[in-house]
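# Fold and geometry: a report
Residues per chain, in single letters:
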Amino acid sequence: MNKNRVILILAIAILLLLVLNIGSCINAYNQNALRKKEMLQRLNLEEKAGKVFQERASLAEKIEVKNKELEDEKASFEAVKKALIQEQLVSAGLKGELEKVTRALEAELAKKSSTSKKAKK
């Protein structure tokens with residue numbers, strides 16, 4: 001009986017070690033799967049972050065280009081505005097000159113008209 005008892009104890013010990021070994025393998029497999037899942041998530045997040053940074057840089061460049069275009073348009077607008085003001089001043093000056101000449105001609109015409117009426121009488 002002593003021999004059977006030792007065999008029984010060894011069999012129970014082997015079964016216990018086998019169960020522990022299988023449990024350990026399952027635990028290691030689950031941890032490996034979780035690690036792989038986490039690595040995949042990290043890689044996906046890194047790719048998304050890289051895309052976001054690229055888009056951000058691209059948008060920053062586009063904003064910079066648009067700001068430069070805006071500044072150029074502002075400068076062009078200011079130049080056109082100054083030219084318009086100068087043209088308005090020239091136009092106003094020419095109108096004044098035209099009025100002076102018109103008055104002078106009207107005065108001269110009135111003078112000649114009165115002289116010619118006097119001559120006819």
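A few points on the structure. A quick note: this is a predicted structure, and the numbers were derived from the prediction, not measured.

### Points about the overall build of the protein
Across its full length, the protein holds one helix and zero strands. For the protein, whose C-alpha radius of gyration is 51 Å, the value lies well above the compact-globule estimate of 14 Å for 121 residues. Split by element, the accessible area of the protein, about 11800 Å² in all, is 64% carbon and sulfur. Between the averaged position of the 24 positive side-chain charges in the protein and that of its 16 negative side-chain charges there is a distance of 5 Å.

### So, a nonpolar patch on the surface
A contiguous nonpolar patch, built from Leu15, Leu18, Ile22 and Ile26 and spanning about 380 Å² of accessible area, is present on the exposed surface. Note that Ile26 resides in helix α1 (residues 2-120).

### Digging into the pattern of salt bridges
Considering all chains together, one arrives at four salt bridges under this definition. Taking the shortest distance from any N to any O, the salt bridge between Glu38 and Arg42 comes out at 2.7 Å. Of this pair, Glu38 and Arg42 are both found in helix α1, four residues apart, which corresponds to roughly one turn of the helix. Glu38 gets classed as partly exposed once you look at its relative accessible area, which sits at 37%.

### Description of the environment of Lys37
Mapped onto the secondary structure, Lys37 falls in helix α1. On a C-alpha basis, the gap between Lys37 and Ala110 in space is 105 Å, while along the polypeptide they are 73 residues apart.

What counts and how
Residues numbered from 1 in each chain as written. Predicted model: local features only at pLDDT ≥ 70, side-chain atom pairs only at ≥ 80, totals over all residues. Heavy atoms only, no water. Helix = DSSP H or I, 4+ residues; strand = E, 2+ residues; numbered from the N terminus. Rg over C-alpha atoms; globule rule 2.2 N^0.38 Å. Areas by Shrake-Rupley, 256 points an atom, 1.4 Å probe, with all protein chains shown as cover. Lys, Arg positive; Asp, Glu negative; His and termini not counted. Charge placed at Lys NZ, Arg CZ, Asp CG, Glu CD. Patch = residues over 30% accessible without salt bridge, like charges linked within 9 Å, V, L, I, M, F, W, Y side chains within 5 Å. Salt bridge = Lys/Arg side-chain N within 4 Å of Asp/Glu carboxyl O. Buried < 20%, exposed > 50% of the residue type's maximum accessible area, 1.4 Å probe, protein only.

Just geometry here; none of it tells us what the structure is for.
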